[in-house]
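Geometric and topological summary
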Amino acid sequence: MRTGRPTAVAAPLVGALALTLLGAPAAQAKDTGITVSKIVVNKGKPIVVGTTKEVEPSLTFSITLPAGYSTSKPDRYDAFPFLYRGDLEKAADTGENYIGPGVYTCYEVSSKKADCEGSLYIDPHPSQEQVDSNSDATKWKLGVSLRLFKANGQLAAEEHETRSATVRLKRAAKVTVNATPEPVTKGAKITVTGKVTRANWSTKKYGPYGGRTVTLQFREKGTDSFKAVKKVTANSSGRLTTTVTAAVDGSWRWVYGGNDTTGAATSGADYVDVR
């Protein structure tokens, strides 16, 4: 449970658009004196994105304000982390190769400090530019946007900082399964097939993911856990096929562990009655 009075609930705007809507003139980079620390994105795990579903990875961070500013007046400052690729200023100013927060809430710790929590926002829709190329499946840099405002709402200072931490984005994968025949005679062969596909961020469709090594698992009827049976490599079309000997009733599934550019995937379970 969080404690402390909520001091700000924000949905950040990006670059030039934000300045326009705030009615503030453009300003050259100037030290704000704001410190953003303890940044954690998606609990330290890679972010996996598909082709249609919006993704909102968790985001937590802390803010410390400079002299003359107080957490009791959240309209006087703006500070949040974001992810970017390429040039820091270009990403922050244009929104290109930029992933920012959706909504976040900051809780007042003291007059100068606040702890914030919320989420980033990633939309793979073709109209968006956040993940519009498969090359986006890589490490993204971590940046911070900092702004101070005068009492009249005009921009007092603005800067963008980069941090050494990175966050990896991965393309989502899927695996299907089919075990036949059903039912099967004890001692006969069961053929287990499936297909591995992964998100193509350029076409916004899932395509074959060949050459992947996938683990076949089995869970005996009446038990809770799956156990590995064998490893199988998908062909160039992503198709999986293998045979096993029918022994007892139970469920079969495929598990793909993922890699640096692609997330892990587990198929559904296909139950086979052995008679």
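The structure reproduced in this document is the subject of the present report. (Residues numbered from 1 in each chain as written. Predicted model: local features only at pLDDT ≥ 70, side-chain atom pairs only at ≥ 80, totals over all residues. Heavy atoms only, no water.)

Focus on the sheet that holds strand β10 (residues 155-171)
Either a parallel or an antiparallel arrangement is found when strands of a sheet pair, and the pairing is made through backbone hydrogen bonds. Reading across from one edge, β3-β10-β9-β5-β6 is the order of the five strands in this open sheet, with mixed pairing throughout. Looking at which strands have only one partner, the edges of the open sheet turn out to be β3 (47-49) and β6 (98-99). Bridge count between strand β5 (residues 77-84) and β6: two bridges; the pairing is antiparallel. Note on β6: the bridge partner recorded for Leu-83 is Ile-99. (Pairing = 2+ DSSP bridges. Helix = DSSP H or I, 4+ residues; strand = E, 2+ residues; numbered from the N terminus.)

Description of the environment of Asp-93
In this fold, Asp-93 is placed in helix α2 (residues 88-94). Judged by its relative accessible area of 37%, Asp-93 falls in the partly exposed class. Linking Asp-93 and His-160, residues 67 residues apart in sequence, is a C-alpha distance of 9.8 Å. (Buried < 20%, exposed > 50% of the residue type's maximum accessible area, 1.4 Å probe, protein only.)

With respect to the pattern of salt bridges
Evaluated as defined, the whole model comprises six salt bridges. Residue Glu-96 is joined to Lys-90 by a salt bridge in which the shortest nitrogen-to-oxygen separation is 3.9 Å. The exposure class of Lys-90 is partly exposed, given its relative accessible area of 45%. A salt bridge links Arg-163 to Glu-161, with the nearest nitrogen and oxygen atoms 2.8 Å apart. Note on Glu-161: relative accessible area 24%, which makes it partly exposed. Salt bridges sharing partners connect three or more residues here, namely Asp-78, Arg-147 and Glu-158. (Salt bridge = Lys/Arg side-chain N within 4 Å of Asp/Glu carboxyl O.)

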